[in-house]
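Commentary on secondary and tertiary structure
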Amino acid sequence: MSFLRYLFLGLLAFLLLVLALANRGAVTLRLLPEGLSDYVGAGAGITLPLFVVIFAAIAVGLLIGFVWEWLREHKHRAEARSERAQKERLERELAKTRATTEQDEVLALLDTPR
């Protein structure tokens, strides 16, 4: 199984390397379109290779997806936490009841007439 995992990771690394080599051209990223940025006075941009932009977009998308899923599952985690606390409370109560029952049985044996 680990061989298949390493094979998959190797193929993925190879494909990412080929993607990076095929998209080495520089692109300029701007916050606003050129006409609007000239009007506002914020015409700064950053020039990066295209593969950096692609990989950053994938990473940001994954991050947003993980955070979204974590927030969506909050109610399930809260319910599991409350059920675990209830289970522990019931186990403590059962242990206390068993301890009391054992003492009562001993006292009942002593109190029974022979």
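All figures in this text were calculated on a predicted structure; none of them were measured in a lab. (Residues numbered from 1 in each chain as written. Predicted model: local features only at pLDDT ≥ 70, side-chain atom pairs only at ≥ 80, totals over all residues. Heavy atoms only, no water.)

A look at the packing of aromatic side chains
For the record, the criterion: Ring geometry is summarised as follows: Phe, Tyr and Trp rings, the Trp one being its six-membered ring, pair when their centres sit within 6.5 Å, and such pairs are stacked at plane angles under 30 degrees, edge-to-face over 60 and tilted between the two. By the criteria applied, helices consist of DSSP H or I runs no shorter than four residues and strands consist of E runs no shorter than two, each listed in order from the N terminus. Throughout this description, buried means an accessible area under 20% of the type-specific maximum (1.4 Å probe, protein chains only), exposed means over 50%, and partly exposed covers the range between.
Scanning all chains against the criterion turns up one aromatic pair. The interplanar angle of 70° and the centroid separation of 6.0 Å between the aromatic rings of Phe51 and Phe55 together place this pair among those described as edge-to-face. You can see Phe51 and its partner Phe55 sitting in helix H3 (residues 50–72), four residues apart, about one turn around the helix. By relative accessible area, Phe51 is classed as partly exposed at 23%. With a relative accessible area of 28%, Phe55 lands in the partly exposed category.

Thoughts on a nonpolar patch on the surface
Inclusion rule: Two joining distances apply to patches: 9 Å for like charges and 5 Å for nonpolar side chains (Val, Leu, Ile, Met, Phe, Trp, Tyr), and every residue must have over 30% relative accessible area and no salt bridge. The accessible surface values rely on the Shrake-Rupley method and a 1.4 Å probe; as for residues, cover is taken only from the protein chains in view. By salt bridge we mean one thing: a side-chain nitrogen of Lys or Arg within 4 Å of a carboxyl oxygen of Asp or Glu.
Nonpolar side chains collect at one region of the surface, where Tyr6, Phe8, Leu9, Leu12, Leu16 and Leu19 lie side by side and expose about 580 Å² of accessible area between them. Considering the arrangement of structural elements, one finds Leu9 in helix H1 (residues 2–22).

Brief notes about the packing of H1 against H3
Under the convention used in this document: A fitted line through C-alpha atoms serves as each axis, taken over the contacting stretch for helices, and the angle formed by two N-to-C directions is quoted from 0 to 180°. Roughly parallel refers to an angle under 35 degrees, roughly antiparallel to one over 145, roughly perpendicular to one between 65 and 115, and oblique to any angle outside these ranges. Two residues qualify as a contact provided that any one of their heavy atoms is within 4.5 Å of a heavy atom in the partner residue. Three residue categories are used. Nonpolar comprises Ala, Val, Leu, Ile, Met, Phe, Trp, Tyr, Cys and Pro, charged comprises Asp, Glu, Lys and Arg, and polar comprises the others, including Gly.
One way to put it is that H1 packs onto H3 with a least axis distance of 7 Å and a crossing angle of 135°. By the angle between their axes, H1 is oblique relative to H3. Contacts between H1 and H3 involve Leu16, Leu19 and Ala20 on the former and, on the latter, Phe51, Ile54 and Phe55. When grouped by side-chain class, the residues that make up the contact of H1 with H3 number six nonpolar, no polar and no charged.

Describing the confidence of the model for the protein chain
Put simply, the test is: Every residue carries a pLDDT, the predictor's confidence in it, which falls somewhere between 0 and 100.
Confidence along the protein chain averages 86 in pLDDT terms, with 86% of residues attaining 70 or more. The lowest-confidence element of the protein chain is helix H2 (residues 34–40), averaging 73 in pLDDT; the highest-confidence one is H3, averaging 95.

Focus on the pattern of salt bridges
Any two side chains of opposite charge can pair, on the condition that their charged atoms come close. Counting across every chain of the model gives three salt bridges. Of the charged contacts, one joins Glu69 and Arg72 as a salt bridge, the two residues approaching to 2.4 Å between their closest N and O atoms. With Glu69 and Arg72 both in helix H3 and three residues apart, this pair spans about one turn of that helix. With a relative accessible area of 45%, Arg72 lands in the partly exposed category. Residues Glu91 and Lys87 are paired through a salt bridge, measuring 3.8 Å at the closest nitrogen-oxygen approach.

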